[in-house]
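Understanding the architecture of this molecule
Given next are the chains, with one letter for each unit.
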Amino acid sequence: MLRAYTAAAVRAAEQPLLDAGLGPELMIRAAHGLAMGVRRVLRERGQGVYGARVVLLIGSGNNGGDALFAGAHLAAGGARTTALLTTARTHPDALAAFLKAGGRVMRLSAAPVPAAASVGTASKDTGPGGAAPAPEADGRLAFLAEASAADIVVDGLLGTGGRGGLREPAASVVARLCEITMGGAGPSVVACDVPSGVDVSTGEVHGPVLAARLTVTFGAAKTGLLCSPGEQLCGEVEVVDIGLGKMPGPPDVCRLETADLTALLPHPEAAAHKYTRGVAGIIAGSARYPGAALLAVAAASACGPGMVTYLGDGAVSAAVHLRNPEVVCSAQQPGELHVQAWLAGPGIDGPGEQLDRARAAIASGLPTVVDAGALGLVGRAAHAALNQPGPAASGRLGDPSHAGGQSNLLLTPHAGELSALLARLGTPMGREAIEAAPLAAAREAARITGATVLLKGPTTAVAAPNGTAFTQADGTASLATAGSGDTLGGILVALLAMGAAGGGPGEPDLARTAVLGAALHGRLAREAPGQPLSAGVLAARIPVVWAALLG
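Here is what the cut-offs are and how they apply
- Residues numbered from 1 in each chain as written.
- Predicted model: local features only at pLDDT ≥ 70, side-chain atom pairs only at ≥ 80, totals over all residues.
- Heavy atoms only, no water.
- Pairing = 2+ DSSP bridges.
- Helix = DSSP H or I, 4+ residues; strand = E, 2+ residues; numbered from the N terminus.
- Axes fitted to C-alpha atoms, helices over the stretch in contact; angles between N-to-C directions.
- Contact = heavy atoms within 4.5 Å.
- Expected span 1.5 Å × (residues − 1).
- Buried < 20%, exposed > 50% of the residue type's maximum accessible area, 1.4 Å probe, protein only.
- Salt bridge = Lys/Arg side-chain N within 4 Å of Asp/Glu carboxyl O.

Describing the sheet that holds strand 6 (residues 188-192)
The parallel open sheet is built from seven strands, whose spatial order is 4-3-2-5-6-7-9. In this open sheet, the two strands that pair with only one neighbour each are strand 4 (104-107) and strand 9 (236-240). Strand-to-strand twist in this sheet, taken as the mean axis angle between neighbours without regard to direction, amounts to 20°. In this sheet, strand 3 (residues 80-85) lies alongside strand 2 (residues 53-58) in parallel orientation, the contact comprising six bridges. Across the sheet, residue V54 finds its bridge partner in strand 3, namely T81. In this fold helix 2 (residues 23-44) packs onto strand 5 (152-156), strand 6, strand 7 (214-218) and strand 9, with an angle of close to 165° to the strand it touches most, strand 7.

Thoughts on helix 8 (residues 290-302)
Think of an α-helix as turning once every 3.6 residues; residues three or four places apart then point the same way. A rise of 1.5 Å per residue sets the reference length of helix 8, with its 13 residues, at 18 Å; its end C-alpha atoms lie 19 Å apart and thus fit the reference within 8%. With respect to burial, helix 8 is a largely interior element, 10 of its 13 residues being buried. Those residues of helix 8 that fall on the buried side of the exposure criterion are A292, A293, L294, L295, A296, V297, A298, A299, A300 and S301. Among the structural elements, strand 11 (279-283), strand 12 (307-311), helix 9 (314-323), strand 14 (341-344), helix 15 (484-498) and helix 17 (538-550) are those in contact with the buried residues of helix 8. One or two residues past the end of helix 8 sits G304, with phi positive at roughly 80°.

A closer look at the environment of L57
When you line up the elements, L57 lands in strand 2. Measuring from C-alpha to C-alpha, the distance between L57 and L84 comes to 5.2 Å, with 27 residues separating the pair along the chain. Residues contacting L57, with those up to four places away along its chain left out, are L84, F143, V153, V154, D155, G156, L157, V173, V174, L177 and L210.

With respect to the pattern of salt bridges
Counted under the stated rule, the structure contains 21 salt bridges. With a shortest N-O distance of 3.9 Å, R45 and D151 are connected by a salt bridge. On the criterion of sequence distance, the pair formed by R45 in the loop between helix 2 and strand 2 and D151 in the loop between helix 5 (140-148) and strand 5 is long-range, its members being 106 residues apart. When its relative accessible area of 28% is taken as the criterion, R45 is described as partly exposed. In this structure, the salt-bridge partner of R288 is D349, at a minimum N-O distance of 3.9 Å. Of this pair, R288 sits in the loop between strand 11 and helix 8 while D349 is found in the loop between strand 14 and helix 10 (353-363), placing the two residues 61 residues apart along the sequence. One salt-bridge network, in which partners are shared between bridges, spans R40, E44, R213, E236 and E238.

Here we look at unusual backbone geometry
Note the cis peptide between E168 and P169, where omega equals 5°. If you trace the backbone, P169 turns up in the loop between strand 5 and helix 6 (170-181). Each neighbour pair has its own omega, and for G207 with P208 the value is 0°, a cis peptide bond. Tracing the backbone shows P208 in the loop between strand 6 and strand 7. Although it is not a glycine, D193 adopts a positive phi angle of roughly 75°. The residue D193 is located in the loop between strand 6 and strand 7 in this model. Phi is positive for A372, close to 45°, though the residue is something other than glycine. As for its placement among the helices and strands, A372 is situated in the loop between strand 15 (368-370) and helix 11 (382-385).

Some points on the pairing of strand 12
Of all five residues in strand 12, five are buried; the element is thus mostly enclosed. Covered by surrounding structure in strand 12 are M307, T309 and L311 together with V308 and Y310, the residues of both alternating faces. In this structure, strand 11 lies alongside strand 12, joined through five bridges in parallel fashion. For I282, the partnering residue across the bridge sits in strand 12 and is Y310.

If you want it as C-alpha cells, here you go:
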C-alpha cells in the first residue's frame, strides 16, 4: 500500500535529522535520487547522459539545492547543464558544486518575458540561437532558447515548503516552457519533489504548472501527488528514500497497489453455496433509462456473487433477463427479500415506485451503494447538524460511534452530483470548487452525511466519516462515457455482498471495498488500450481483469 503524507508531516519527520546536523546528507541523497531519475528518463528517450542537454529551473532553499547538486552529478557525467537562477537566495554549496562540475548559470531579472516569436532556438551544435548567451543580468532569452533544444527540463523552483503558485518573473518563464513542452513535444520534464504550483498537501493547482513526465519526491509520498488535479501534472511518481525512517503518525491518504487488490478480492470457501457467497440487490433503471439497470446488473453478475436480484418494472426486468438469464427479477419491495447489499439509484427517473424502493434500501441498515437518482434521499448526519466534527469511528458497519444512521451508505457522486447534494444539505460548494480540491470535498461530504463517499473523477477520492481517505487512479479518460458509473455501481454492490475487503458477507469495510471497486473498474479501461470504449463492453472484461489480479 502506498501511503502519502502532508507537507507538515514530512517536515516533522525531517526535523530530528536536521537538528542532528544531517541536512547536507539528506540533500545529497535527494539530489542523487533526482539525478538517477533524470538518467532513467534519458534512457527512455534513447539517450545517455554524455552529450545530453539538461536545463534546470532553480528556486530558493533546499529544492533549488537538490536540483543544483543533481545538475552537478549530470554535468560530471558529460551532460551540458544550464541553470536559470530565479532568486538571489540560491543554496551556496549546491551552486558552487554545480559550477565546479562545469554547469552554466543564467540569472533572471524582473523584466517581462518576450513574445514567443522573439525567442531563438538553440542549435544542437551551436550556442543558443546560434550566438553567444544573453547577458548574465537577464538570461531568459538564452535560457528559453536552450530549453527548446534541451532533452530534459528539471523543475526545482518550489518544493514541499512552497505556498501558492509561482510569482513573476518565474511564472512567465514557466508559462513559455509549458508551450515548448506541450503535447509531449520537446524536452521531458522531471520535477524535483513536486511540480511547482501543485499544493503538496492537497493537490490543488496554482498555474502555470509545468507538467512532468516524472516527479521524484523525497522521503515519503505526499498527498498532493496522489490527488486531482495535481496528480495529472506529476506523471510517474518515484519516492526516494533519504533516510527518514518510519513516518510518525498515520498517513493522510493511502492508495492500494496490485498486491493489495489481490489480497482484498473475495474467494469462495470450499463449502460455499449461493447464499453464503452473497446476494446483491439492485434497484435501478426506469422506462426512460433502462440501460442503467442492464449495465449495473451485468457488472454485478460478472463479479461472481452467489446471486444478483433485480427489483424493477416488468419491461426492464424482461430486458435484464435477455442479457443475464441468471439474475432473479422481481417487483417486490426491499424488505421482502434477503440480500447482503443494495445498489440504489442508477437510472431512477424521479418520484415513483423505484425511488420508494431506493428509500427502503437506504433505511434497511444493509450496506447500500447510493448513486445518481437516489442521492437526493441522503440527509445530514446528527453530528453534522450540530456542526460538530465527524465521529472517530473504525469505518466498519455497526460501529456505534457513527452518527446519523447513514454509516451503511456508500455514496458515489460525480462532482456535479456532489455539488447538488452539498447545496441541498446547506453546505454550498460549486462544481469547479469540488474539482479543484476533490479530496477535501469528499471528506466534507463524509463528515456531513456520516456516509462513506466515493467521488468520481480522473483520480477517484474515497473518504470515510472517521477521516480515513484513499485515492486511486487506475483508469483512463476513456471511462468518461455514459453508463460507466452504472458499471461501477454494479461492481461495488457485488463486492459488498461478497464481503470483499474483510468483514465477511454483509459487513465489509466500506472504504476499502469502495477503493477496490474503483481500482477494478479503472483497470477495465486498460484491458484493450487504444480501442474505443463504451460502457456496454465493460462487464465482459471484469473476469479477465479479476483473473489477472489473482495471477
